[in-house]
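One letter stands for each residue in the lines below.
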Amino acid sequence: MQIHPLIESSEALHQFVDLIKGSDFIAVDTEFMRENTFWPELCLIQVADAHHAAAIDPMAPGIDLAPLLDLLVDNEDVLKVFHAGGQDVEIIFNLTGKTPHPIFDTQIGQMALGQAEQVGYSNLVEAWLGLQLDKGARFTDWSRRPLDKRQIDYAIGDVTHLAKIFPMMLKKLIKTGRGHWLDEEMEKLADPSNYAIDPEKAWQRIKVPSRKPDALGRLKALAAWREREARNKNLPRGRIVKDETLADLAAHPPKNQDGLGSVRGLSATWRSNDIGGRLMDALANAKPLPKDDMPDRAPRGPGLGKEGALVADLLKLLLKIRSRELNAAARLIARSDDLEALAAGRRDDIPMMKGWRYDVFGHAALDLVEGRVGFAVKNGKLVMSEIEAPAPAETDA
């Protein structure tokens, strides 16, 4: 594989994209900083196909990333391969308003081939290539310039290894017949709605015990206000106001701005500054949360009482058995919410009751809750066994 010098000009980037745009796939990774900003600061982009690899400096003066971004989001003929690529996809979405497509994530792919729930990149490389990575540059401040050779080599390694692993992983997925297992997961990863930030929905990320429409309405208004403040100032949300402070303000709103000086988590200056005034405006304009927007009262599922909880535990045990037999990650097959919904009596709109998930697990789970199978121990292993129906009682002639 040819490793190209660090790309710092539009001309060099255009030439590199011309080399790789006809490839079947490209491996992609990014280095970014987001500790002190709302928007992640893109510091480096690494790309490789089977023959070429390079790191691109998006911070280089005057560089035009358009050819690369077009390849990532508009070229449907090239598969884009990431590892744990959620944040990489988010960055590309922020730059383009689109997500890379088609897409493949090797972390998710590994879940179909082994029991690791979220295998890290170092473990992936060691498992497939037998290499141990140098982690020394992992905590680099990627925004500082110049980057030295060791840092660039470390970053490019993330895609050169990935470009070798992906064809091996794909071959094994095809051999095991599990490639179609991942179609839905990859489409979820590429769904733009996962990355579009709607301030009006920001409140849903904050955990609060209250179900009072007035309090939740205030929380919705405050969370939307904080989202806009954080965007405009390009600061992390917590630097504006922490979640617990928002929840406290929603539950116990001050009567006037002067009361903000007594709120734990806020500076005394909020009693008279502009940002405190904007917070009070958000509270003043808050409306009770409509009934249709109220969060679910019972996240464990409808009607899941004590007996249902025991059934859910049995389903979790069954899932462990099946994932062990399949040598696949349990989380890829079914989620706890799915198991609890089935235990509570639901049958519709449960992912594990459709498609390949039903074939490998859902039908067995249904047999368990409907009394057709049970657990048994054979040769020291816990297995499923059919429950024989009792013979009909004899009747006198």
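Our subject is the structure listed above.
Residues numbered from 1 in each chain as written. Predicted model: local features only at pLDDT ≥ 70, side-chain atom pairs only at ≥ 80, totals over all residues. Heavy atoms only, no water.

(A) Just the side chain of Gln 107, in detail. Inspection of the secondary structure assignment puts Gln 107 in helix α4 (residues 106-111). At 3.1 Å, the side chain of Gln 107 and the backbone oxygen of Val 119 are in polar contact. (Helix = DSSP H or I, 4+ residues; strand = E, 2+ residues; numbered from the N terminus. Polar contact = N/O pair within 3.5 Å; in protein donor to acceptor, adjacent residues only side chain to side chain.)

(B) Highlighting the environment of Ala 312. On the secondary structure map, Ala 312 appears in helix α12 (residues 306-326). When sequence neighbours within four positions are dropped, the list of residues in contact with Ala 312 reads Glu 340 and Ala 343. (Contact = heavy atoms within 4.5 Å.)

(C) Looking closely at the nonpolar core. Residues Ile 56, Leu 68, Phe 104, Ile 333, Met 352 and Phe 361 are the most contacted members of the largest nonpolar core, which totals 92 residues. Looking at this core, the element that brings in the most residues is helix α6 (residues 149-176), giving 10 residues. Excluding residues that lie within four positions of it along the chain, Ile 56 makes contacts with Leu 6, Ile 7, Leu 13, Leu 44, Ile 45, Val 47, Ile 63, Leu 65 and Leu 68. Leu 216, Ile 240, Leu 246 and Leu 289 belong to the second largest nonpolar core, which has 26 residues in total. (Core = buried A, V, L, I, M, F, W, Y, C linked by side-chain atoms within 4.5 Å. Buried < 20%, exposed > 50% of the residue type's maximum accessible area, 1.4 Å probe, protein only.)

(D) Broad picture of the packing of aromatic side chains. Within the structure shown, the criterion is met by 7 aromatic pairs. Look at Trp 225 and Trp 270: their rings are 6.3 Å apart centre to centre, the planes differ by 80°, and that puts the pair in the edge-to-face class. Pair noted here: Trp 225 is in helix α8 (residues 213-233) and Trp 270 is in the loop between α10 (243-251) and α11 (274-284), with a separation of 45 residues, a long-range link. Like Trp 270, Trp 225 is buried. (Phe/Tyr/Trp six-rings, centres within 6.5 Å; stacked < 30°, edge-to-face > 60°.)

(E) Quick peek at helix α5 (residues 121-129). Along α5, the positions that sit buried rather than exposed are Tyr 121, Leu 124, Val 125 and Trp 128. Summarising the axial view, the buried residues of α5 lie within an arc of 95°, below the 170-degree limit, and thus occupy one face. As for α5, its buried residues are in contact with α4 and α6. Gly 130 sits one or two positions beyond α5 and adopts a positive phi of about 70°. (Arc of directions from axis to C-beta.)

(F) Local environment of the side chain of Arg 357. The residue Arg 357 is located in helix α15 (residues 355-369) in this model. Beyond its immediate sequence surroundings of up to four residues, Arg 357 is in contact with Glu 184, Glu 185, Leu 332, Ile 333, Pro 351, Met 352 and Gly 362.

(G) Representation of the sheet that holds strand β1 (residues 2-3) in the model. In spatial order, the strands read β1-β4-β3-β2-β5-β6; together these 6 strands make up an open sheet with mixed pairing. Two strands close off the open sheet at either side, each with one partner strand: β1 and β6 (103-105). Two strands pair when backbone bridges link them, and strand β2 (residues 25-33) and strand β3 (residues 41-48) are joined in this way by 7 bridges, in the antiparallel orientation. Looking across to β3, one finds that Thr 30 is bridged to Ile 45. Across the sheet, helix α3 (residues 86-96) touches β2, β3, β5 (79-82) and β6, and the angle it forms with β2 is around 85°. (Pairing = 2+ DSSP bridges. Axes fitted to C-alpha atoms, helices over the stretch in contact; angles between N-to-C directions.)

(H) Layout of the pairing of β2. Of all the 9 residues making up β2, 9 are buried; the element is thus mostly covered by neighbouring parts of the structure. Sheet analysis places β2 next to β5, joined by 3 bridges and oriented parallel. The residue bridging Ile 26 from the neighbouring strand is Lys 80, located in β5.

(I) Quick look at the pairing of strand β8 (residues 381-386). Taken together, the 6 bridges between strand β7 (residues 373-378) and β8 define a ladder with antiparallel strand orientation. Paired with Gly 374 across the strands is Ser 385, a residue of β8. Connecting the antiparallel pair β7 and β8 is a turn made up of 2 residues, with Asn 379 showing a positive phi of about 55°.

(J) Looking closely at unusual backbone geometry. The omega torsion of the bond from His 101 to Pro 102 falls at -10°, within 30 degrees of zero and hence cis. By the secondary structure assignment, Pro 102 is in the loop between α3 and β6. A cis amide bond, omega 0°, links Arg 145 with the succeeding residue Pro 146. Residue position: Pro 146 is located in the loop between α5 and α6. Phi at Asp 349 is positive, roughly 55°, even though this residue is not glycine. You can see Asp 349 is positioned in the loop between α14 (336-343) and α15.

(K) A look at the packing of α12 against α14. Contact geometry of α12 with α14 gives a least axis separation of 8 Å together with a crossing angle of 130°. Here α14 runs oblique to α12, going by the angle between their axes. At the point where α12 passes α14, the crossing takes the right-handed sense. Every residue of α14 that contacts α12 at Gly 308, Val 311, Ala 312, Leu 315, Lys 316 and Leu 319 is listed here: Ser 336, Leu 339, Glu 340, Leu 342 and Ala 343. Of the residues contributing to the contact of α12 with α14, the split by class is 7 nonpolar, 2 polar and 2 charged. (Parallel < 35°, antiparallel > 145°, perpendicular 65-115°, else oblique. Left-handed = near helix turned anticlockwise from the far one by under 90°. Nonpolar A, V, L, I, M, F, W, Y, C, P; charged D, E, K, R; others polar.)

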